[in-house]
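Below are the chains, spelled out letter by letter.
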Amino acid sequence: MNILLHSMNAFLLFSVLWWMTRAFWQSLLVASLFALHPMNVDTVAWIAERKNILSLFFCLTTLLAYTYYTRKPGFSRYMLVMLTFLCALMSKPMVVTLPILLLMLDYWPLKRFQNLRNEEGGALLSKRRFKKSVLLLVAEKMPLIFLSILSTGMTLSSLTFYQDIIPLETRPLGARISHSLIAYVIYLLKTFVPVNLAIHHPYPVYEPFWQKAGAMLLLAGITLLSLIKIKKYPFLSTGWIWYLVLLLPASGIVQGGLWPSYAERWAYLPLIGVFIMVSWGTPHVMRTFNLSKSFTATIALIILFFLGTLSWIQTGYWKNSLILFSHAVDATDNNYLMLNNLGKEYEDRLKLEDAAHLYAEAVRLVPNYAGYRCNLANAYARLGKYDEAMKQYSIALHMSPYDAKVYLQLGHTLYLRKDYSGAIENYKRAIALDAGQVSAYYEMANAFMRLNRPDDALVQLRKAVSLKPDYVDARCHLGNVLVCLGRYDEAIQQYTETIRIDPFCKLARDNREKVLMLKKKVDR
């Protein structure tokens, strides 16, 4: 589905640019670069990023509707622009800056600024009337800007509600701005040299001054040059504004969650601006260096073939999580998140030594995060290295004494160590901190059964299934405990309910048959 939507976006992009400019080959080149560039692989391959593709789809339909509106302005046509823009915002609020881009498109390629002429002699309007007309073009965008402000407010409110925003005390505003400038340059470099692409790039601990200064000078230089040459090469200004403005929401001024240094998927829409600069600049390069059309076309095809090949290779990394995370570790430096995720993949595949090594490396890079230490402790526990595991848990609890998950995992380790009483105490602490920890009730019941306390186990399992009625393992185990207590009818009822929830649960079917046979013997 994502591939189909991406293909539709490429066709829409070509259609929008061709309708606006009537430049067939330039529009086709932009669409081809967009379709084949490896920077877009993450967006297309990652199903969770479908919102990114849909957002661009509705963004391009907004541009189509806006072009239609500018041909003959009217209320119904403007409402169509509003509707498509609203759909784009609902898909993903990253397009909040689109109204600014529309104002730049008014200059080129729509040439609405140049068309502000009087009806008599065709001369330019007076300076005063020209300014008034420009203000009218700005005012025309106000309903769209209102939608953008509303979308931004709702997004920030949701992030605040879920406590997902990284506070300025953690990352100061000055550092965010300087890093965003560096990120802008990184996206540009990867556009022309698409190497070391990865699903996650860790946020840097330190950035040297020369990188900050160099990024600021480069961006300022390109901006100044595009403005100086705006009359002769208006496509440079429009393409550059497209890039700067549409990347701004993901630049890192506002950060939330596991905010990366940068992410190739965020450039899905902004990079179109760079492609516009390249495509419309190509004819000027041809004239400057006296290049033939056949030679230029050959070079373009070679570049597209090269980009397509890189995209094919990049797509191969999405075969499974193990390959994806391994590539991310190889393509980046000090990527603690990918090291942890790769460790989890190895742990799930029972390669515990490899998992412990990766978790240890993640802990070395981020020593103050309890979650990574708990993962390392779990790996040690499964390897039978209980002393090392308890040491990591002790450090984790010192850093995060009110984290229910730490107590839950510590309880599991003590269970593996056959310290069932200690495990029960930690399960109780986990529940005291978070009564919704359903697995804590289930594991506590297991510990009670090891201590030959089926009545206590029964209480915990009933709590588990009351919190999560479709908890198959807990319900099946509840049937087992009821059998131990001689309550066969209730046990059969629980097995039957388990089978209703999961018809393929062989354990529940086998146990129900055994209890039915046992009940017949008892009834005799």
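Residues numbered from 1 in each chain as written. Predicted model: local features only at pLDDT ≥ 70, side-chain atom pairs only at ≥ 80, totals over all residues. Heavy atoms only, no water.

(A) Spotlight on the side chain of Thr43. Within the fold, Thr43 resides in helix H3 (residues 41-45). A polar contact is formed between the side chain of Thr43 and the side chain of Asn52, at a distance of 3.3 Å. The residues contacting Thr43, other than those within four sequence positions of it, are Asn2, Glu49, Asn52, Ile53, Arg265 and Tyr268. (Helix = DSSP H or I, 4+ residues; strand = E, 2+ residues; numbered from the N terminus. Polar contact = N/O pair within 3.5 Å; in protein donor to acceptor, adjacent residues only side chain to side chain. Contact = heavy atoms within 4.5 Å.)

(B) Quick look at the pattern of salt bridges. If you walk through the whole model with that rule in mind, you get 17 salt bridges. Ionic pairing is found between Glu490 and Arg487, a salt bridge with its closest N-O pair at 3.0 Å. Owing to a relative accessible area of 31%, Glu490 belongs among the partly exposed residues under this scheme. Judged by relative accessible area, which is 32%, Arg487 ranks as partly exposed. A salt bridge links Asp510 to Lys506; the shortest N-O distance between them is 2.7 Å. Pair noted here: Asp510 and Lys506 are both in helix H25 (residues 506-523), with a separation of 4 residues, about one helical turn. The network of salt bridges with shared partners includes Glu49, Lys51, Lys92 and Arg265. (Salt bridge = Lys/Arg side-chain N within 4 Å of Asp/Glu carboxyl O. Buried < 20%, exposed > 50% of the residue type's maximum accessible area, 1.4 Å probe, protein only.)

(C) Seen up close, the environment of Leu137. With respect to the helices and strands, Leu137 occurs in helix H7 (residues 127-140). Exposure remark for Leu137: the relative accessible area of 8% places this residue in the buried category. Through-space distance from the C-alpha of Leu137 to that of Leu339 is 51 Å; in sequence the pair is 202 residues apart. The contacts of Leu137, once residues within four sequence positions are left out, are Leu103, Asp106, Arg112 and Phe113.

(D) Molecular detail of the layout of surface pockets. Estimates place the volume of the largest pocket at around 1400 Å³. Lining the largest pocket are 41 residues, and of these His201, Pro202, Tyr203, Pro204 and Ser261 sit closest to its centre. At the level of secondary structure, the elements contributing two or more residues to the lining of the largest pocket comprise helix H9 (173-192), helix H10 (209-228) and helix H15 (336-348). Of the residues forming the lining of the largest pocket, the biggest block, 6 residues, is contributed by H9. Partitioning the lining of the largest pocket into residue classes produces 26 nonpolar, 10 polar and 5 charged. Its volume calculated, the second largest pocket comes out at about 1100 Å³. In terms of lining residues, the second largest pocket is bounded by 40 residues, among which Lys92, Pro249, Ala250, Trp259 and Trp266 are the most central. Mapped by element, the contributors of at least two residues to the lining of the second largest pocket are helix H6 (98-107), helix H8 (142-161) and H15. Taken together, the residues of the lining of the second largest pocket break down into 22 nonpolar, 13 polar and 5 charged. (1 Å grid on protein atoms, 1.4 Å probe; cavity = no way out; pocket = protein on both sides within 12 Å on 5 of 7 lines; lining within 4 Å. Points joined across faces, edges and corners; volume = space filled by probe spheres on them. Nonpolar A, V, L, I, M, F, W, Y, C, P; charged D, E, K, R; others polar.)

(E) Looking closely at the nonpolar core. Core analysis: the largest hydrophobic core is formed by 82 residues, its most contacted members being Leu63, Tyr187, Tyr243 and Ile272. Of the residues forming this core, the biggest block, 9 residues, is contributed by helix H4 (residues 50-71). If we ignore the near neighbours within four places in the chain, the residues touching Ile272 are Leu13, Val30, Phe34, Leu56 and Trp242. By size, the runner-up hydrophobic cluster in this structure holds 73 residues, among which are Ala331, Leu339, Ala377 and Ala457. (Core = buried A, V, L, I, M, F, W, Y, C linked by side-chain atoms within 4.5 Å.)

(F) Representation of the packing of aromatic side chains. Overall, the coordinates contain 21 aromatic pairs when judged by the stated rule. Centre to centre, the rings of Phe34 and Tyr268 are 5.1 Å apart; their planes meet at 50°, and the pair counts as tilted. Taken together, the residues span a long stretch of sequence, with Phe34 in helix H2 (residues 24-36) and Tyr268 in the loop between helix H11 (234-247) and helix H12 (271-289) at a distance of 234 residues. Tyr268 shares its class with Phe34; the two are buried. Centre to centre, the rings of Trp108 and Phe235 are 6.4 Å apart; their planes meet at 65°, and the pair counts as edge-to-face. Note that Trp108 is positioned in the loop between H6 and H7 and Phe235 in helix H11, a separation of 127 residues in sequence. (Phe/Tyr/Trp six-rings, centres within 6.5 Å; stacked < 30°, edge-to-face > 60°.)

(G) Structural context of the packing of helix H16 (residues 352-365) against helix H17 (residues 370-382). Viewed as axis vectors pointing N to C, H16 and H17 meet at an angle of 155°, and their least axial separation amounts to 9 Å. By the angle between their directions, the pair H16 and H17 is classed as roughly antiparallel. Read as a crossing pair, H16 and H17 show a hand that is left-handed. Contact residues: Leu352, Ala356, Tyr359, Ala360, Ala362 and Val363 in H16; Tyr372, Arg373, Asn375, Leu376, Ala379, Tyr380 and Arg382 in H17. Broken down by class, the residue content of the contact of H16 with H17 amounts to 10 nonpolar, 1 polar and 2 charged. (Axes fitted to C-alpha atoms, helices over the stretch in contact; angles between N-to-C directions. Parallel < 35°, antiparallel > 145°, perpendicular 65-115°, else oblique. Left-handed = near helix turned anticlockwise from the far one by under 90°.)

(H) Region of the structure containing H11. Its 14 residues give H11 an end-to-end C-alpha distance of 20 Å, which sits within 8% of 20 Å, the value for a rise of 1.5 Å per residue. If you check which residues of H11 are buried, you get Pro234, Phe235, Ser237, Thr238, Gly239, Trp240, Trp242, Tyr243, Leu244, Val245, Leu246 and Leu247. (Expected span 1.5 Å × (residues − 1).)

In short, the description is geometric, and any link to function would need to be established separately.
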